[in-house]
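# A closer look at the structure
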Amino acid sequence: MPLVPMRQILEEATKGGYGVGAFNVNNMEQIQAIMEAANETNSPVIIQASRGALQYSRMIYLKKLIEAAVEEYPHIPVAMHLDHGDSLETCMKAIDLGFTSVMIDGSLKDVEVEKDGKKKKEQVPREFEENVEITRKVVEVAHKYGVTVEGEVGCLGGIEDGHGIEDKEGKSLLTEKDLEEERKYSPFLTDPEEAERFVKETGVDALAVAIGTSHGAFKSNRKHPVTKEVLPPIIAVSRVKKIHERIPEVPLVMHGSSSVPQELVDIINECGGELKDTAGVPIEKIQEAIKYGVRKINVDTDSRLAMTGAIRKYLKENPSKFDPRDYLKPAREAMKKVYVERMIAFGQAGHAGDYKPLTLDDMKCLYSKMGK
Ligand SMILES: [Zn+2]
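So, how was this worked out
By convention here, each chain's residues receive numbers from 1 onward along its written sequence. Per-residue local features of the predicted model are confined to residues with pLDDT of at least 70, and side-chain atom pairs are confined, for both listing and counting, to 80 or more; whole-chain, interface and lining totals are unaffected and use all residues. Secondary structure elements are defined from DSSP: runs of H or I of at least 4 residues count as helices, runs of E of at least 2 residues count as strands, and each element is numbered from the N terminus. Buried, partly exposed and exposed are defined by the number of other C-beta atoms within 10 Å of a residue's own C-beta, namely 20 or more, between the two limits, and 12 or fewer respectively, with C-beta atoms placed from the backbone. Remark: residues whose backbone-derived C-beta atoms lie within 7 Å of one another are considered to be in contact. Note on geometry: axes are lines fitted to C-alpha atoms, helical ones only across the stretch in contact, with angles between N-to-C directions running from 0 to 180 degrees. Note on convention: the crossing is left-handed when the near helix lies turned anticlockwise from the far helix by less than a right angle, right-handed when the turn is clockwise. Charged means Asp, Glu, Lys or Arg here, nonpolar means Ala, Val, Leu, Ile, Met, Phe, Trp, Tyr, Cys or Pro, and polar covers whatever is left, Gly included. Between any two strands, at least two bridges found by DSSP are needed for them to pair. Each residue carries a pLDDT score, the predictor's confidence in it, ranging from 0 to 100. Note on definitions: a nonpolar core is a set of buried residues drawn from Ala, Val, Leu, Ile, Met, Phe, Trp, Tyr and Cys, linked by C-beta atoms within 7 Å. A helix is expected to reach a length of 1.5 Å times the quantity of its residues less one. It is the directions from the helix axis to the C-beta atoms whose arc is reported. Roughly parallel refers to an angle under 35 degrees, roughly antiparallel to one over 145, roughly perpendicular to one between 65 and 115, and oblique to any angle outside these ranges.

## Some remarks on the overall build of the protein chain
Regarding its fold elements, the protein chain presents 14 helices and 12 strands. Out of the 372 residues in the protein chain, the part that is buried amounts to 48%. Within the protein chain, counting contacts between residues at least 6 apart in sequence, those at least 24 apart form 76% of the total.

## Side note on the packing of helix 10 (residues 262–270) against helix 12 (residues 301–317)
At a minimum axis distance of 8 Å, the contact between helix 10 and helix 12 shows a crossing angle of 35°. In this structure, helix 10 crosses over helix 12, and the sense of that crossing is left-handed. Seen from helix 10, the contacting residues are Leu264, Val265, Ile267 and Ile268; seen from helix 12, they are Leu305, Ala306, Thr308, Gly309, Arg312 and Lys313. Counted by class, the contact of helix 10 with helix 12 contains 6 nonpolar, 2 polar and 2 charged residues.

## What about the sheet that holds strand 9 (residues 206–209)?
Strand order in this closed barrel of 8 strands is 1-2-3-4-7-9-11-12, and the pairing throughout is parallel. Adjacent strand axes in the sheet meet at a mean angle of 25° when their direction is disregarded. Where strand 11 (residues 252–254) lies against strand 12 (residues 294–299), 3 bridges are found, and the strand directions are parallel. Looking across to strand 12, one finds that Met254 is bridged to Ile297. Relative to the sheet, helix 1 (residues 6–16) contacts strand 1 (20–24), strand 2 (45–50), strand 3 (78–85), strand 4 (101–104), strand 7 (148–153), strand 9 and strand 12, its axis offset from that of strand 12 by approximately 120°. The strands touched by helix 13 (residues 324–346) within the sheet are strand 1 and strand 12, with strand 1 carrying the most contacts at an inclination of about 150°.

## A short note on the confidence of the model for the protein chain
Per-residue confidence for the protein chain averages 89 on the pLDDT scale, and 91% of its residues sit at or above 70. This stretch, residues 158–165, has a pLDDT under 50; its non-local contacts, to residues over four places away or in other chains, come to 29 contacts.

## Comments concerning the nonpolar core
Ile34, Ile47, Val78, Val102, Leu207 and Val209 are the most contacted members of the largest nonpolar core, which totals 99 residues. No other element matches the 7 residues that helix 13 contributes to this core. Every residue in contact with Ile34, bar those within four places of it in the chain, is listed here: Phe23, Val25, Val45, Ile47 and Tyr339.

## Comments concerning helix 4 (residues 60–72)
With 13 residues, helix 4 should cover 18 Å at 1.5 Å per step; its first-to-last C-alpha distance of 18 Å lies within 8% of that length. Those residues of helix 4 not exposed but buried are Leu62, Leu65, Ile66 and Ala69. Viewed along the axis of helix 4, the buried residues span an arc of 95°, placing them on a single side of the element. Seen from the open side of helix 4, the exposed residues pointing more than 90 degrees away from its buried face are Ile60 and Glu71. For helix 4, the elements touching its buried residues are helix 2 (28–41), strand 2, helix 3 (51–56) and strand 3.

## Some thoughts on the pairing of strand 12
Of all 6 residues making up strand 12, 6 are buried, and the element is well covered by its neighbours. With 4 bridges joining them, strand 1 and strand 12 adopt parallel strand pairing. Considered in strand 12, the bridge of Ala22 is made with Asn298.

## Side note on unusual backbone geometry
Phi at Asp116 is positive, roughly 50°, even though this residue is not glycine. Considering the arrangement of structural elements, one finds Asp116 in the loop between strand 5 (108–115) and strand 6 (118–125). The backbone of Val260 sits at a positive phi, close to 45°, despite the residue not being glycine. Inspection of the secondary structure puts Val260 in the loop between strand 11 and helix 10.

## Digging into the packing of helix 5 (residues 88–97) against helix 6 (residues 128–144)
Closest axis-to-axis distance for the helix 5/helix 6 pair is 10 Å, and the angle between their directions is 20°. By the criterion of interaxial angle, the relationship of helix 5 to helix 6 is roughly parallel. The crossing of helix 5 and helix 6 is right-handed. Along its contact with helix 5, which presents Leu88, Cys91, Met92 and Ile95, the element helix 6 presents Lys137, Val138, Val141 and Ala142. Broken down by class, the residue content of the contact of helix 5 with helix 6 amounts to 7 nonpolar, no polar and 1 charged.

Dropping the structure here:
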């Protein structure tokens with residue numbers, strides 16, 4: 001089976017009312033673990049690479065590895081997606097490489113700021129109109145190739161932009177009560193009206209929304225007042241619902257949706273790691289969001305934790321071993337376990353054979369018929 005346009009995978013997920021995990025990859029073991037999990041659970045899947053991943057793997061290696069995966073498991077629909085493309089040029093590079101989907105993240109821009117006498121690059125939110133313009137251009141070009149486009153409106157919290165939902169002291173601004181008056185936090189979350197305008201004006205196939213998630217392993221500064229235990233970030237599911245009501249036909253995307261399981265953090269820390277207390281996005285919150293139109297769920301950190309934990313554990317227990325296969329094999333197994341769990345939890349399990357996959361050429365024709 002050739003690689004499938006992501007739009008089809010998401011449309012089918014909409015029909016079936018389930019979500020699809022989009023897992024980030026950098027190397028062979030991650031790709032193999034994803035495919036073994038997809039095969040075992042009979043799941044369609046989205047494999048995504050960030051600009052950093054493409055740089056690390058020197059572009060061509062990831063493409064060839066994903067091609068190998070598709071060849072090994074011809075019955076599994078796989079979309080190859082560029083995560084956080086920053087320009088038309090980057091998206092074009094991915095399209096040339098054979099990606100069936102690209103994200104253009106026009107929600108942020110780089111600015112130069114001076115800090116302690118040194119010039120530094122910082123990312124700040126980009127004006128809405130500018131985001132529309134950049135995204136629309138990518139849509140125009142990508143659809144000519146049958147390639148799916150994901151855009152983003154709003155600002156994800158955390159390391160992506162420094163505009164998290166925390167105040168200057170690092171305390172979370174969102175409490176359960178605050179959610180009732182979440183208008184207060186509109187600058188940080190995706191505005192439903194803007195989301196609707198953005199989709200109409202750009203023609204994107206999928207929309208990433210800011211609803212309280214953030215990238216990385218440390219997603220929350222909320223602490224239990226008595227136990228001081230780190231509490232999970234608050235996810236504004238009510239906001240997802242409002243966005244979905246306005247654009248029910250558009251698949252929504254949740255970034256930064258690792259659940260950061262405590263047992264994986266514990267393995268790392270018991271085997272010499274020093275990860276501070278943390279909490280991720282609870283699976284139940286993701287499942288709730290899936291009910292309101294979230295179709296693509298980005299997960300990266302969880303597989304990183306699983307891989308690192310397994311390697312640390314193996315090397316701690318077998319200090320005289322030095323063959324990378326000895327520790328990469330349990331690492332691959334540990335990642336596969338995470339992927340299997342997510343595929344079942346998101347609901348994509350069992351759906352690999354539901355439909356006949358389209359090619360990019362089919363999609364090209366469909367776009368021209370839709371006038372896109
Ligand atoms: Zn992201």
